[in-house]
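# Observations on the three-dimensional arrangement
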Amino acid sequence: MTASNDSGTRENPTGQARERAGEFDASVSKAVERLKTIEGQRQRGVLYVGIDLGTSRTAVATSTGIRASVSSFVGYPRDMVARKALGKDVLFGDEALRHRLSLDLYRPLEHGVIKFSDGADGVAPEEIERNMQAARDLIQHAVSLARPTGGELIYGVIGCPAQASIRNKQCIIEAAREVLDSVVICSEPFAVAYGLDLLEDALVIDIGAGTVDLCRMKGAMPDETDQITNRFAGDHVDRELYRRLKARLPEAQFTIHQIKRLKERYAFVSEQSRPVVATFTVRGKPRRFDVTDDMREACRSIIPPMVTGVEELIGTFDPEFQEVLRHNIVLGGGGSQIAGLGDYLEQALEEYGGARVRMVEEPVFAGANGALAIAKDMPEDTWEELA
Ligand SMILES: Nc1ncnc2c1ncn2[C@@H]1O[C@H](COP(=O)(O)OP(=O)(O)O)[C@@H](O)[C@H]1O
Ligand SMILES: [Mg+2]
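## Examining the site of ligand 1
Near ligand 1 lie 20 residues; those nearest to it are Ser56, Ala209, Lys263, Glu264 and Gly334. For ligand 1, an oxygen atom lies 3.1 Å from a polar atom in the backbone of Thr55. Within the backbone of Arg57, a nitrogen or oxygen atom sits 2.8 Å from an oxygen atom of ligand 1. Contact with the protein chains covers 88% of the free accessible surface of ligand 1, which is 580 Å². Those elements that place two or more of their residues in the shell around ligand 1 are helix 7 (234–248) and helix 8 (256–266). The element contributing the most residues to the shell around ligand 1 is helix 8, with three residues. A class-by-class count of the residues in the shell around ligand 1 yields four nonpolar, ten polar and six charged.

## Considerations on the pairing of strand 3 (residues 67–71)
Where strand 2 (residues 57–62) meets strand 3, five bridges bridge the pair, whose relative direction is antiparallel. When the sheet's bridge partners are listed, Thr58 is paired in strand 3 with Val70. Where strand 2 hands over to strand 3, the hairpin turn is made up of four residues, of which Gly65 adopts a positive phi near 90°.

## Here we look at a nonpolar patch on the surface
A cluster of nonpolar side chains, contributed by Phe24, Val28 and Val32, occupies part of the molecular surface with about 260 Å² of accessible area. Within the secondary structure, Val32 is located in helix 1 (residues 15–44).

## A word on the environment of Val276
Relative to the assigned elements, Val276 resides in the loop between helix 8 and strand 12 (277–282). Accessibility expressed as a relative area gives 3% for Val276, which makes it buried. For the pair Val276 and Val291, spaced 15 residues apart in the sequence, the C-alpha separation amounts to 5.5 Å. Setting aside residues up to four positions removed in sequence, Val276 forms contacts with Tyr266, Phe268, Phe289, Asp290, Val291, Thr292 and Met295.

## Focus: the packing of aromatic side chains
Tallied over the full model, the rule gives seven aromatic pairs. For the pair Tyr242 and Phe254, a centre-to-centre distance of 5.3 Å together with 90° between the ring planes defines the contact as edge-to-face. You can see Tyr242 sitting in helix 7 and its partner Phe254 sitting in the loop between helix 7 and helix 8, a full twelve residues away along the chain. Classification of Tyr242 as partly exposed rests on a relative accessible area of 27%.

## A look at the nonpolar core
Leu203, Ile205, Phe280 and Leu345 are the most contacted members of the largest nonpolar core, which has 43 residues in total. The residue makeup of this core includes at least three contributed by each of domain 2 (200–232 + 302–359) and domain 3 (234–300).

## Looking at the sheet that holds strand 1 (residues 46–53)
Across the sheet, five strands lie side by side as 3-2-1-7-8; this open sheet has mixed pairing. In this open sheet, the two edge strands, each paired with only one partner strand, are strand 3 and strand 8 (182–187). Sheet twist, expressed as the average angle between the axes of neighbouring strands with direction ignored, equals 20°. With six bridges joining them, strand 7 (residues 153–160) and strand 8 adopt parallel strand pairing. By the bridge assignment for strand 8, Gly159 is matched with Cys186.

## A few points about the packing of helix 10 (residues 303–315) against helix 12 (residues 341–348)
Following both chains from N to C, one finds helix 10 and helix 12 inclined at 60°, their axes separated by 11 Å at the closest point. Regarding the angle of helix 10 to helix 12, the classification is oblique. Handedness of the helix 10/helix 12 crossing: right-handed. The segment helix 10 lies against helix 12, with Ile303, Met306 and Val307 engaging Leu341, Tyr344, Leu345 and Ala348.

Criteria and cut-off values
- Residues numbered from 1 in each chain as written.
- Chains lettered and ligands numbered in written order.
- Predicted model: local features only at pLDDT ≥ 70, side-chain atom pairs only at ≥ 80, totals over all residues.
- Heavy atoms only, no water.
- Near = heavy atom within 4 Å.
- Polar contact = N/O pair within 3.5 Å; in protein donor to acceptor, adjacent residues only side chain to side chain.
- Areas by Shrake-Rupley, 256 points an atom, 1.4 Å probe, with all protein chains shown as cover.
- Helix = DSSP H or I, 4+ residues; strand = E, 2+ residues; numbered from the N terminus.
- Nonpolar A, V, L, I, M, F, W, Y, C, P; charged D, E, K, R; others polar.
- Pairing = 2+ DSSP bridges.
- Patch = residues over 30% accessible without salt bridge, like charges linked within 9 Å, V, L, I, M, F, W, Y side chains within 5 Å.
- Salt bridge = Lys/Arg side-chain N within 4 Å of Asp/Glu carboxyl O.
- Buried < 20%, exposed > 50% of the residue type's maximum accessible area, 1.4 Å probe, protein only.
- Contact = heavy atoms within 4.5 Å.
- Phe/Tyr/Trp six-rings, centres within 6.5 Å; stacked < 30°, edge-to-face > 60°.
- Core = buried A, V, L, I, M, F, W, Y, C linked by side-chain atoms within 4.5 Å.
- Domains from an automatic or database assignment.
- Axes fitted to C-alpha atoms, helices over the stretch in contact; angles between N-to-C directions.
- Parallel < 35°, antiparallel > 145°, perpendicular 65-115°, else oblique.
- Left-handed = near helix turned anticlockwise from the far one by under 90°.

Nothing here speaks to function; it is geometry throughout.
See the structure below:
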């Protein structure tokens, strides 16, 4: 109707109007094609994917019941020889770590955000681009773990570090759009809280590798004032333990990777513990060392900043609900597996009137499960609008 009323252009079309009509027709048929595709895909179904894009571990949960995770390493063969020996152009996770001597290794979410220009002064642009490429490859790999059958629409919610900048989020969306039909980004601790149905008067502490993210749930979408992030997380424990052992046992030989594995096996914070004994080489010969105290102290080093964060979030909350909040603290993330952490944190919060701290049941998948729950709850037309 609008076209025929268009000031008589039908009778005596000028070149410009004809061109415009042509463009209009083309865009209509493009839209129709697109709708047909969407309808066709919709008939084949939608695969919902929740992704927890972590510094150290990326986890995926899908509406088809798949749970998978990979450590967030991406490696590219260094040269022709490495390429031939490995027989691949890109390696992920533990496989990448195992072959690190033949690879350029990336951990693209280091410090909780895609490592790039913001605050990375002096980093060469090619290096930044390679890191971005690693982020894209990692997201694509994560989606492949969801085993899409092809043809179906894939809608994904990606939990990313609370502190990721607008630009970081934009980069994650861009990277994800190459493999997802529609994508939403949310903060990791929010995903954890959503998945556990802790939407009101709860405080989630997600202890990752690069960051500890604290998020206060108040019955509505948390904003900046509800979230605090600090860098005293798992990697900090590793560095602290490494530093202590280097100082105390100068003759012992070990790498930061060995220290991390040692921590994952024996991490604890309580006063009492069974002795922790580590085997390190001394000039190539294995020797056993008691590292109990070093382990305890290194693990405890992340508690004071965490307590400060908790105090801050509780202290600035509505005073009538502070008590409830203090008794509804939940620990998640890989670092929450430090033995005795919940009790120790409760003790540390004793002087603020006591607290109750619980652990999530699936520390590795809590974020991905939550992201999946959000994906499933989002209205279909919102997904389509975003697509
Ligand atoms: N059993 C464990 N005890 C203590 N720390 C652990 C354990 N398992 C994993 N971690 C630590 O948890 C951190 C990773 O947690 P995760 O939630 O996967 O991190 P991110 O979200 O940053 O990827 C790492 O520092 C890792 O060493
Ligand atoms: Mg995490």
